[in-house]
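# Examination of the molecular architecture
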Amino acid sequence: EQIAIMDKQYSEQELYLESEWAYSVKSKLSARLGKIAREYGSLSELDSKLISTTLRGTYHESTKLRFDAQLWQRPFFIIDPSTLYVVAKGGRFDATWYGAEKTQLRAFLFGQKVNKIPVAKLLTGADRSDTTLRAGLIFQHEFQPSLRLVADGFYERLRQTEGLPSLRQYALRMALEYN
């Protein structure tokens, strides 16, 4: 019954400020700061006020090499009656090399920790977290505007809260894209 009330009687508002600064022709920084508020009509103990941040940076070393970095903290609500909200904190770094006009190679490193805050936390104080680390390479070559070859591979490690299995995986994918 409590879950049914949660699903139907809440309001959510987001207020944010976004800014972008082009330091030079080669570099750009951007930032986003926000506040998300969710209020429940009859269950005020579940009300949440969460901060959201994103920082991005891009640097063009040359016409052939580009670096991108991003850091974030993103809260979001999911459709799971046992979870009140989720907070994802992480970062990503990309280095892209443009070998020729139609060819590029990108290396990336991604890390993220996700905390799932359950409704039961109000009673138990327990939450669940997952940590993901991913590293990989992506190769693209455009034969013509409508035909592209993409090959990518990555290694991923997922660590979960105690009692849940951790996973490691390697993936290799090749695709011929036609638009």
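Going by the structure above, here's the rest.
Scope of this entry: the structure provided in the associated data block.

Criteria and cut-off values
Residues numbered from 1 in each chain as written. Predicted model: local features only at pLDDT ≥ 70, side-chain atom pairs only at ≥ 80, totals over all residues. Heavy atoms only, no water. Pairing = 2+ DSSP bridges. Helix = DSSP H or I, 4+ residues; strand = E, 2+ residues; numbered from the N terminus. Axes fitted to C-alpha atoms, helices over the stretch in contact; angles between N-to-C directions. Salt bridge = Lys/Arg side-chain N within 4 Å of Asp/Glu carboxyl O. Buried < 20%, exposed > 50% of the residue type's maximum accessible area, 1.4 Å probe, protein only. 1 Å grid on protein atoms, 1.4 Å probe; cavity = no way out; pocket = protein on both sides within 12 Å on 5 of 7 lines; lining within 4 Å. Points joined across faces, edges and corners; volume = space filled by probe spheres on them. Nonpolar A, V, L, I, M, F, W, Y, C, P; charged D, E, K, R; others polar.

## Considerations on the sheet that holds strand 1 (residues 10–21)
The sheet built from 9 strands is open, its strands ordered 1-2-3-4-5-6-7-8-9 with antiparallel pairing. The two strands at the open ends of the sheet, each matched to only one other strand, are strand 1 and strand 9 (167–178). If you compare each strand with its neighbour and ignore which way they point, the axes differ by 10° on average. Summarising the sheet, strand 4 (residues 65–76) and strand 5 (residues 83–100) pair through 12 bridges and their orientation is antiparallel. Bridge assignment links Asp-68 to a residue of strand 5, and that residue is Asp-94.

## Description of the pattern of salt bridges
For side chains of opposite charge, pairing can occur when their charged atoms come near one another. Here the structure, examined in full by the defined rule, presents 11 salt bridges. A salt bridge links Arg-66 to Asp-68, with the nearest nitrogen and oxygen atoms 2.9 Å apart. With a relative accessible area of 26%, Arg-66 lands in the partly exposed category. For Asp-68, a relative accessible area of 17% corresponds to the buried category. A salt bridge links Glu-177 to Arg-148, with the nearest nitrogen and oxygen atoms 2.5 Å apart. With a gap of 29 residues between them, Glu-177 in strand 9 and Arg-148 in strand 8 (residues 147–160) connect regions that are remote in the sequence. The class for Glu-177 is partly exposed, based on a relative accessible area of 29%.

## Structural notes on empty space enclosed by the protein
Scanning the entire structure with this criterion turns up 1 cavity of 30 Å³ or more. Taken together, Glu-18, Ser-19, Ser-30, Ala-31, Arg-32, Thr-54 and Arg-56 make up the full set of residues lining the largest cavity. At the level of elements, strand 1, strand 2 (27–40) and strand 3 (48–60) are the ones that each hand at least two residues to the lining of the largest cavity. In terms of residues, the lining of the largest cavity owes the most to one element, strand 2, which gives 3 residues. Its residues placed into classes, the lining of the largest cavity shows 1 nonpolar, 3 polar and 3 charged.

Read these as geometric descriptors, not functional statements.
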